[in-house]
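# Observations on the model geometry
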Amino acid sequence: MEPLSLLTPGAARSLAGVIFDLDDTVLDHGALTEAAYGALFRLREAGLALIACTGRPAGWGEVIQRQWPIDATIAENGAVALVREPAGLLGGAGLHGGPAPADGGGRVVLLGGLDREARRARRDELVALADDMVRRFPAAAIADDNDQRVTDVTLDIGEHRRVPPEDVQKMRAELRDQGVRTLVSSVHLHLTRDPSDKATGAVRLLSARFGEDPTRARHRYAFVGDSGNDGVAFAAFALTFGVANVRAHLGKLSVPPRFVAALPMGRGFAEIAHRIVELRKNAPAP
Ligand SMILES: [Mg+2]
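All values reported here derive from a predicted model rather than from experimental measurement.

What follows is about the domain arrangement of the protein chain. Note: interface size is frequently given as the accessible area lost on complex formation between the parts. For the protein chain, the assigned domains read domain 1 (2-111 + 196-282) and domain 2 (116-192). A C-alpha centroid distance of 25 Å is found between domain 1 and domain 2. Each partner contributes to the roughly 1400 Å² buried at the junction of domain 1 and domain 2, and carbon and sulfur atoms together form 50% of this total. If you look at where domain 1 meets domain 2, you find two salt bridges. Across the pair R56 and D145 runs a salt bridge whose closest N-O atoms are separated by 2.9 Å. With three residues, the top contributor of residues to the side of domain 1 that touches domain 2 is helix 3 (residues 58-67). A per-class count over the side of domain 1 that touches domain 2 returns six nonpolar, eight polar and six charged.

What follows is the structure, given as structure tokens:
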């Protein structure tokens, strides 16, 4: 990993957008700081598209897609995405009849492969498996955000609980034997039968909704993250950044981010954003 000082103006200027993880990347232990939130506005003012990419539920993704200055939200580790339909579908007006907000003003819609009934049936089976894991590994708990999920079921291993790494490994091995995919973040163990991950989910969204060629997209968008479920995106995208706390997860990442911030979590995200924005300002016109 290299320090941000080695990022070049050409690399910063070549970007069309930034994709970023939420927990322990933009958020500090779940909390949004002024520095991190302000950084989103600075990136946007620098002409960059912004896409949140999180293991958090579709229900949370809908809320931030409605409220934050971002273009799309990928939730549940790539399985679904939330985008705004063009404002024209609502007559170009805001929700209360005023002018459309700068970010569009259209209805937020969920993009995902399965219909509601198929998702529910698939989740019911995963809930039973998760309940069994919690019975046998009582340090873990069903995460408190499961009611807002539509594809996966999530165990709390590091948010309000501290689950020994060897227990996490045992759970993953047992679930793998039952044909269940697992993904690990700094706070959660996700159980899913969806084949998506953050990289495939991001490239699919960029191709379907942003008109990007899937291969070029990997060079036109940067990715910022901190832990295990970001590893696929660190491997897939050309320009990748870790906040300083990524160092604690390097053992679980086959490919580390290319650049690393000096500061952790939201302050590290703001540091990365500041560096990108300054280089885009100062770079000579191509
Ligand atoms: Mg994270």
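The rest of the description comes next.
Before going further, it helps to spend a moment on the coordination of the magnesium ion. At the metal site, the magnesium ion is ligated by D21 (OD), D23 (O) and D226 (OD), and these contacts range over 2.1 to 2.2 Å. Mapping the donors of the magnesium ion onto the primary sequence yields the spacing D-x1-D-x202-D. Linking D21 in the loop between strand 2 (17-20) and strand 3 (27-28) with D226 in the loop between strand 13 (221-225) and helix 8 (231-236), this pair joins segments that are 205 residues apart in sequence.

Looking at the secondary structure, you find T25 in the loop between strand 2 and strand 3. In this structure the side chain of T25 is engaged in a polar contact, spanning 3.3 Å, whose partner is the side chain of D226.

Let us now look at the sheet that holds strand 5 (residues 49-53). Spatially, the nine strands line up as an open sheet ordered 1-15-14-13-2-5-6-7-8, and their pairing is mixed. Lying at the two open borders of the sheet, with one neighbouring strand each, are strand 1 (2-3) and strand 8 (108-111). For strand 2 and strand 13, the ladder comprises four bridges, and the chain directions are parallel. Bridging across to strand 13, I19 finds its partner in F223.

What follows is about empty space enclosed by the protein. A probe matching the size of a water molecule, rolled over the atoms, marks out where space remains unfilled. By the definition in use, this model includes three cavities of 30 Å³ or more. The wall of the largest cavity is formed by 14 residues, among which D21, D23, G55, S185 and N229 lie closest to the centre. Looking at the lining of the largest cavity residue by residue, the classes come out as one nonpolar, eight polar and five charged. Composition of the lining of the largest cavity by domain shows at least three residues from each of domain 1 (2-111 + 196-282) and domain 2 (116-192). Here the second largest cavity is characterised by a volume of approximately 50 Å³. The residue inventory of the lining of the second largest cavity, partitioned by class, reads two nonpolar, four polar and three charged.

Take the layout of surface pockets next. Taken as a whole, the largest pocket holds about 440 Å³ of empty space. Along its surface, the largest pocket is lined by 20 residues, and I157, G158, S185, S186 and V187 are the ones closest to its centre. Looking at the lining of the largest pocket, the element that brings in the most residues is helix 5 (residues 165-177), giving four residues. Split by residue class, the lining of the largest pocket holds six nonpolar, seven polar and seven charged. Residues lining the lining of the largest pocket come from more than one domain, with at least three contributed by each of domain 1 (2-111 + 196-282) and domain 2 (116-192). Empty space within the second largest pocket amounts to approximately 340 Å³. Within the residue set of the lining of the second largest pocket, elements represented by two or more residues are helix 3, strand 8 and helix 4 (116-136). Tallying contributions element by element places helix 4 first for the lining of the second largest pocket, with six residues. A per-class count over the lining of the second largest pocket returns seven nonpolar, one polar and seven charged.

Rules behind the numbers
Residues numbered from 1 in each chain as written. Predicted model: local features only at pLDDT ≥ 70, side-chain atom pairs only at ≥ 80, totals over all residues. Heavy atoms only, no water. Domains from an automatic or database assignment. Buried area = accessible area lost by both parts, 1.4 Å probe. Salt bridge = Lys/Arg side-chain N within 4 Å of Asp/Glu carboxyl O. Helix = DSSP H or I, 4+ residues; strand = E, 2+ residues; numbered from the N terminus. Nonpolar A, V, L, I, M, F, W, Y, C, P; charged D, E, K, R; others polar. Donors = N, O, S within 2.8 Å, 3.2 Å for Na, K, Ca; no water. Polar contact = N/O pair within 3.5 Å; in protein donor to acceptor, adjacent residues only side chain to side chain. Pairing = 2+ DSSP bridges. 1 Å grid on protein atoms, 1.4 Å probe; cavity = no way out; pocket = protein on both sides within 12 Å on 5 of 7 lines; lining within 4 Å. Points joined across faces, edges and corners; volume = space filled by probe spheres on them.

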